[in-house]
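# Residue-level structure breakdown
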Amino acid sequence: MKLPFTSRTIFGKQVAGLRKAGSVPVVCYGAEQKSTAYTVPVKQLTDLLTSDVVVVEADGDLQGKQVLLQDIDFHPVTGDPIHADFLFVDASREVEHEVPIRVEGEAPGVKVHEGQMVVALDKLIVRALPQNIPGFVTADVSGLEDIGSHLSVSNIPLPDNVTLVSNPEDTVISIVEQSQEEEEPVQEDENYLENIEVTGKGGKKPEDEEVAEEDAGEQE
């Protein structure tokens, strides 16, 4: 897969115009090369996200380079990509990368014993040469026969040329009993709003990208 990169000199709130025009601001760095700002078409970036491609052939102003998607931010309302980090890769140097976990098979603990499958991890961190990083790894749940059965990171097979970085003892999937507890009815109190504690966790914001909020509450 090829992804066209276009150099940019627009930063801060002005990148809202780029997004409206169908481009996503990105930065590329690594492999002894300084961080540089670009844009990529949102359509091609979305196609990349839905594929199993790991190493991308860069085109346009980065023609001839190979990059790896390192991090991405999404719009909190629409879910569209709004910023991405790409890492320049060297085919002779290993890199660490997150690989998605795909669940396959049917767990007897769910089908026979009416248990509930809980997924604790959906990604693993591995280390390998860029061209050897798999697009995904597989978690086979067909051996989870009873309530209390679980699958650990160490149970997920990796190619011979890929090294596990994540903790091998971490639980990926477990089978638990179905919850029998019924939710208590909400007491409608005219002062209930005063007793609600509101907390929030902000996501990472790129240093040179600030997403502006508009009147409708939508972020650019």
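Note that this is a predicted model, so its numbers are computed, not measured.

## A look at the overall build of the chain
The secondary structure content of the chain amounts to 3 helices and 13 strands. Burial analysis of the chain (220 residues in total) assigns 32% to the buried set. Considering only contacts within the chain whose residues lie at least 6 apart along the sequence, 66% involve residues at least 24 apart. Roughly 14,000 Å² of accessible area belongs to the chain as shown, and the carbon and sulfur atoms make up 45% of that amount.

## A word on the sheet that holds strand β12 (residues 163-164)
Strand order in the open sheet formed by 4 strands is β10-β7-β9-β12, with mixed pairing between adjacent strands. The two strands at the open ends of the sheet, each matched to only one other strand, are β10 (137-140) and β12. By the bridge criterion, 6 bridges tie strand β7 (residues 95-104) to strand β9 (residues 123-128) in an arrangement that is antiparallel. Within β9, the residue paired with Glu98 across the bridge is Ile125.

## Some points on the sheet that holds strand β11 (residues 150-152)
What the 3 strands build is an open sheet, ordered β8-β13-β11; its pairing is antiparallel. Because the sheet does not close on itself, it has two edges, and the strands there are β8 (116-119) and β11. Each adjacent strand pair in this sheet contributes to an overall mean axis angle of 10 degrees, direction not counted. Where β11 and strand β13 (residues 171-176) come together, 3 bridges link them in antiparallel fashion. Residue pairing across strands places His150 opposite Ser174, the latter belonging to β13.

## Thoughts on the side chain of Ser149
Among the structural elements, Ser149 can be located in the loop between β10 and β11. Residue Ser149 is classed as buried on the basis of its relative accessible area, which comes to 17%. Polar contacts involving the side chain of Ser149 include one to the main-chain carbonyl oxygen of Asp146, which spans 2.9 Å. Apart from residues lying up to four places away in sequence, Ser149 is in contact with Leu144, Ile173, Ser174 and Ile175.

## Considerations on the nonpolar core
Across soluble globular proteins, you tend to see nonpolar side chains buried next to one another. Membership of the largest hydrophobic core comes to 23 residues, with the highest contact counts inside it found for Ile101, Ile133, Leu144, Ile156 and Ile173. Listing elements by their share of this core, those giving two or more residues are β7, β9, β10 and β13.

## Description of the environment of Val67
With respect to the helices, strands and loops of the structure, Val67 is situated in strand β5 (residues 66-74). Given a relative accessible area of 0%, Val67 falls into the buried group. Separated by 22 residues in the primary sequence, Val67 and Val89 place their C-alpha atoms 5.5 Å from one another. Sequence-distant contacts of Val67, defined by excluding residues within four places in its chain, comprise Phe5, Val54, Val55, Val56, Phe86, Leu87, Phe88 and Val89.

Rules used in this analysis
One numbering rule holds for all chains: residues counted from 1, following each sequence as written. Owing to the predicted nature of the model, reporting of local features is limited to residues with pLDDT of at least 70; listing and counting of side-chain atom pairs is limited to 80 or more, with chain, interface and lining totals taken over all residues. Only heavy atoms go into the side-chain values, all of them from the structure, while hydrogens and water stay out. Only runs of H or I of at least four residues qualify as helices and only runs of E of at least two qualify as strands under DSSP, and these elements are numbered from the N terminus. Relative accessibility under 20% of the residue-type maximum defines a buried residue, over 50% an exposed one, and the middle range a partly exposed one, all with a 1.4 Å probe and only protein chains included. Contacts were defined at the residue level, with two residues in contact if any of their heavy atoms lie within 4.5 Å. Surface accessibility in these figures is a Shrake-Rupley result with a 1.4 Å probe; residues are shielded only by whichever protein chains are displayed. When DSSP finds at least two bridges between two strands, those strands are taken to pair. Between N-to-C directions, angles cover 0 to 180 degrees, with each direction set by a line fitted to C-alpha atoms, over the stretch in contact for helices. Any N or O atom pair separated by 3.5 Å or less is treated as a polar contact, with the protein-specific requirement of one donor-capable and one acceptor-capable atom, and with residues adjacent in sequence counted only for side-chain atom pairs. We define the nonpolar core as a collection of buried residues of types Ala, Val, Leu, Ile, Met, Phe, Trp, Tyr and Cys that are connected through side-chain atoms lying within 4.5 Å of one another.

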